[in-house]
Amino acid sequence: MRVVCIGAGYVGSVTGTALAANHHHTTIIDVNQEKIERLSRGECPIYEPGMETLLPTLIGKSLFATTSYDAVADADVIFIAVGTPSNPDGSADLRYIKQTAEQIGKHLSGERFTVIAMKSTVPVGTCQWVTALLADASGLTPESDFTVVSNPEFLREGFALEDVFFPDRIVIGSVHPQGLSTMRRLYQGVLDRSGYEDLCQHFSFSYDLAAPPAVYFETDTKSAELIKYASNAFLAVKISYINEIARLCEALGGNVLDVAAGMGLDSRIGPKFLQVSSGGSGSCFPKDTAELLSASEKVDSELMVVKAAVASNERMHQYVVEKLERRLNGLKGKNIGILGLTFKPDTDDARRTQASYIIGKLLEEGAQVRVHDPQGMGMFRELNPDMPITYCTDPVQTGQDADAVVLLTHWSMYQEMDWQQMAGMMRQPYLLDTRNFLDASRMRTCGFDYQGLGVAAKASPSLGVMGK
Ligand code: NAD
Ligand code: UDX
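Owing to the predicted nature of the structure, the values given are computational and were not obtained by experimental measurement.

(A) Summary view of the layout of surface pockets. Its boundaries defined by the atoms lining it, the second largest pocket holds a volume of some 420 Å³. In this structure, the second largest pocket is lined by 19 residues; those nearest its centre are G280, P286, V310, N313 and H317. Counting only elements with at least two residues in the lining of the second largest pocket, the list comes to α9 (221-252), α11 (285-298), α12 (304-327) and α13 (354-364). Partitioned by chemical class, the residues of the lining of the second largest pocket number nine nonpolar, eight polar and two charged.

As structure tokens, then:
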């Protein structure tokens, strides 16, 4: 099939590449010239494991990248995967969706029936609104010349290729027969896993033929739009909940790793998303929970559980700052090292991270901060240009004359670094591991006064069964 994917960001570049790998003639369109030039050279515009090997094998063959919307004219399916950031009141800012719809509308030829599939996370009713925008801009007849279907994306950064090739579910929101049949045809390769043996040589994960195939779930458009927000908000609630239990463990003397592992053994709860952190974050959870709350308040149906989870998540960021403050007897004049600026490992995405909140508070309290991240320092600096912090290319250097080092993101490289050298260069070798990621006894042998989160009762936390 001929496919167009609009947006070359975290979703669009991976989605476009996956569709091309599934033998669809795919064109990625973006207004950002630099991203398009990189894609055209076979380079991925974002850091996402596996893309660096898969993309060069497809570009110029089944995958093309351009700033021109011309490919829209003869596309069977057009994915919209542009950003939907937050307005100041929390509601979704749909300006990029509007611009995209107007551009698509101007380029639709009407010579073939076209399905426009909404992959961006958008408020309930957006597909309907986009239908009207497309009709205005094209002069074509909705549901006769084209249809808009909701196809929310559930990929996780860092596991994006695994998630697009082996999704748990594919959700399609439409009641249009041709819209439904076109989307089924498009996803047939994912449902059959045809050609996956060849594909999987590019992946860092092993291909399990026995793994259950994706569930293909069709519903109406508004329900599909809501499934995306409701899922992300549910996961955000789960994280806030285990983080509250971690705080309680510190107060009462339990071990949250064992509590989470024990809870996760109940198949109704499950072991995933019970991993303690300084609070969940990133480009999706904060904005999607904010939009859902904003939408629910507007119709007098406030989601109280989600509201509490958002407040609890911010409390967790603050708790980490307070824990440091207590341990160091104040933060003024203290040197703090931060390991990890991205909201999770294996991504360069530094939008709306725990680190920006926590570092901001440390600076407000008069601390000096040295930071390291293997992929995220460029974007973090771009997004926080006025933050007076020192960027270190070597993680060990964040410990220079430090009173504390805080691990915020569990990059695997932090397992391998020279911790003994770091302990030796610190003013006080206090190490706060907000992910309970490092081996406590090894850290103590290296000379650290080591603390995790929620593991007050045990000197050496056990390794629980955690989600990926
Ligand atoms: P992003 O900011 O990384 O990428 C968006 C891209 O769209 C940018 O490259 C931008 O230049 C481009 N763009 C903006 N206006 C355009 C236009 N008029 N024409 C062509 N290109 C245009 O965003 P993202 O993280 O990929 O997210 C995209 C959408 O997918 C959002 O709605 C997001 O909520 C949703 N989503 C994101 C993730 C994720 O992990 N990042 C996961 C699931 C869903
Ligand atoms: C999320 C959803 O998981 C994905 O389905 C959706 O498509 C986009 O939003 P992502 O933003 O990539 O994906 O990150 P995710 O893996 O969900 O983690 C979000 C935040 O929660 C990160 O800061 C992560 O470190 C944190 N987290 C996650 C925890 O603190 N504990 C956990 O157990 C899991």
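Picking up after the structure, the text goes on.
(B) The pairing of strand β6 (residues 146-150), seen in detail. With five of its five residues buried, β6 lies for the most part within the structure. Here β6 shows no split at all, with F146, V148 and S150 on one side and T147 and V149 on the other all buried. The pairing of strand β5 (residues 114-118) with β6 spans five bridges and is classified as parallel. When the bridges of β6 are listed, A117 appears paired with V149.

(C) Focus on the pattern of salt bridges. Tallying each qualifying case throughout the model produces 18 salt bridges. Measuring nitrogen to oxygen at the nearest pair gives 3.1 Å for the salt bridge that ties E218 to R184. Of this pair, E218 sits in strand β8 (residues 215-219) while R184 sits in helix α7 (residues 177-192), and the two are 34 residues apart along the sequence. Using a relative accessible area of 32% as the deciding quantity, one classes E218 as partly exposed. A residue is classified by how much of its surface remains accessible, and R184, at 39% relative accessible area, is partly exposed. Note that R268 is salt-bridged to D266, the shortest N-O span being 2.8 Å. A relative accessible area of 23% means that D266 is categorised as partly exposed. Through salt bridges with shared partners, one network takes in R38, R41 and E43.

(D) Structural detail: the domain arrangement of the protein. Splitting the protein by domain gives domain 1 (2-219) and domain 2 (231-451). A separation of 32 Å is found between the C-alpha centroids of domain 1 and domain 2. On the domain 1 side of the contact with domain 2, Y10, Y47 and E157 bury the most area, a combined 44% of that side's loss. For the interface between domain 1 and domain 2, the tally reads zero salt bridges. The interface formed by domain 1 and domain 2 includes 10 residue pairs in polar contact (both at pLDDT 80 or more). Of the residues assigned to the side of domain 1 that touches domain 2, the class counts are eight nonpolar, six polar and five charged.

Calculation rules
Residues numbered from 1 in each chain as written. Chains lettered and ligands numbered in written order. Predicted model: local features only at pLDDT ≥ 70, side-chain atom pairs only at ≥ 80, totals over all residues. Heavy atoms only, no water. 1 Å grid on protein atoms, 1.4 Å probe; cavity = no way out; pocket = protein on both sides within 12 Å on 5 of 7 lines; lining within 4 Å. Points joined across faces, edges and corners; volume = space filled by probe spheres on them. Helix = DSSP H or I, 4+ residues; strand = E, 2+ residues; numbered from the N terminus. Nonpolar A, V, L, I, M, F, W, Y, C, P; charged D, E, K, R; others polar. Buried < 20%, exposed > 50% of the residue type's maximum accessible area, 1.4 Å probe, protein only. Pairing = 2+ DSSP bridges. Salt bridge = Lys/Arg side-chain N within 4 Å of Asp/Glu carboxyl O. Domains from an automatic or database assignment. Buried area = accessible area lost by both parts, 1.4 Å probe. Polar contact = N/O pair within 3.5 Å; in protein donor to acceptor, adjacent residues only side chain to side chain.

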